[in-house]
Amino acid sequence: MINLLRKELFAVNPVLDTIHQRTSLRVYKDEPIRPEHLQAVLDAVLRAPTAGNMMLYSVLVVTDQETKNVLSKTCDNQPFIARAPLVLIFLADYQRWFDYFELSQVPTFCASTERTWQGPDVGDLFLALDDALIAAQTAVLAAESLGIGSCYIGDIMENYETHRELLALPDYVFPAAMLCLGYYPEGYQPKFRSRFDQEFIVHSEKYRRLGEAELQSMFAELEAEFAPTNRFGAENMGQFVYARKTGSDFAREMSRSVRAALQIWQGSKP
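Residues numbered from 1 in each chain as written. Predicted model: local features only at pLDDT ≥ 70, side-chain atom pairs only at ≥ 80, totals over all residues. Heavy atoms only, no water.

Within the sequence span of helix H3 (residues 35-45), burial applies to His37, Leu38, Val41, Leu42 and Val45. The arc that holds every buried residue of H3, seen down its axis, measures 135 degrees, which confines them to one face. Summarising the contacts, the buried residues of H3 are in contact with strand S1 (57-62), strand S2 (86-93), helix H8 (122-145), strand S3 (148-153) and strand S4 (173-183). (Buried < 20%, exposed > 50% of the residue type's maximum accessible area, 1.4 Å probe, protein only. Helix = DSSP H or I, 4+ residues; strand = E, 2+ residues; numbered from the N terminus. Arc of directions from axis to C-beta. Contact = heavy atoms within 4.5 Å.)

H8 packs onto helix H2 (residues 14-21) with a crossing angle of 100 degrees between their chain directions and a minimal axis gap of 10 Å. Taken together, H2 and H8 sit at an angle that is classed as roughly perpendicular. Between H2, through Thr18, Ile19 and Gln21, and H8, the contact on the second element is made entirely by Leu141, Glu144 and Ser145. (Axes fitted to C-alpha atoms, helices over the stretch in contact; angles between N-to-C directions. Parallel < 35°, antiparallel > 145°, perpendicular 65-115°, else oblique.)

Here we take up the pairing of S3. The buried fraction of S3 is high, at five of six residues. Here S3 runs beside S4; their pairing, made up of six bridges, is antiparallel. Paired with Ser150 across the strands is Leu181, a residue of S4. (Pairing = 2+ DSSP bridges.)

It is worth spelling out the environment of Ala243 at this point. As for its position among the elements, Ala243 is in helix H13 (residues 237-246). When the C-alpha atoms of Ala243 and Asp155 are compared, they prove to be 17 Å apart, with 88 residues separating the residues in sequence. Here Ala243 is in contact with Phe232 and Ser248, once residues within four sequence places are set aside.

Mapped onto the elements of the fold, Ser150 is located in strand S3. The contact partners of Ser150, leaving out residues within four places of it in the chain, are Arg22, Thr23, Ser24, Leu25, Val140, Cys180 and Leu181.

Here's what the structure looks like:
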């Protein structure tokens, strides 16, 4: 009964319908994004929630084929990135504000009013990451509503030094997320992947750590997909996911890249 009521609500609410119809798209119609559609997506991005109305993010619009070719290799060798008509890179950006603070002689002001002048730190980075990711998800939903599919690429956080040079990123700008976008191909049939049940994800008032029985119930559907013969020699799905994701080479590179960026944000060059 509840599911039926939800479906009825989605049918009359285009926002909810857009959210629930969206899946990651890795194959695109061979057609550039229309300028008016790109502008509509960017207009939506600029209305995204932001900390203190500071807009601690920037967006790189990438259509250059050479740049996409490079990104398809540096972002964990994913060829479909090069085939995406449009790539948007969302940057956690505190550079603008600290440039403005310098222009406004804030260090001098701090000295004259016995305040502490402090450059960007990790708290500023995390706040800017919030802004950038909120902006990215706003772009995803705006694009989906226009018939433009998308796929998040977290691997943009890898190879920090390479991406910093490729994209001309200053010290206090970090690539938080990348989106590949393109129109859905003719006849495309989306494949919806299941999600964990609400009881395991949504907590009331305080965090509740799951017990063994709950973990087994939570992962039962995923465990059912486990193939005993696999390239990692894993004996169960937990081992397989760890080898494929958390314990992978690209995950280690991502952590190394983040540490390199953090050195800059903490005041020491790597």
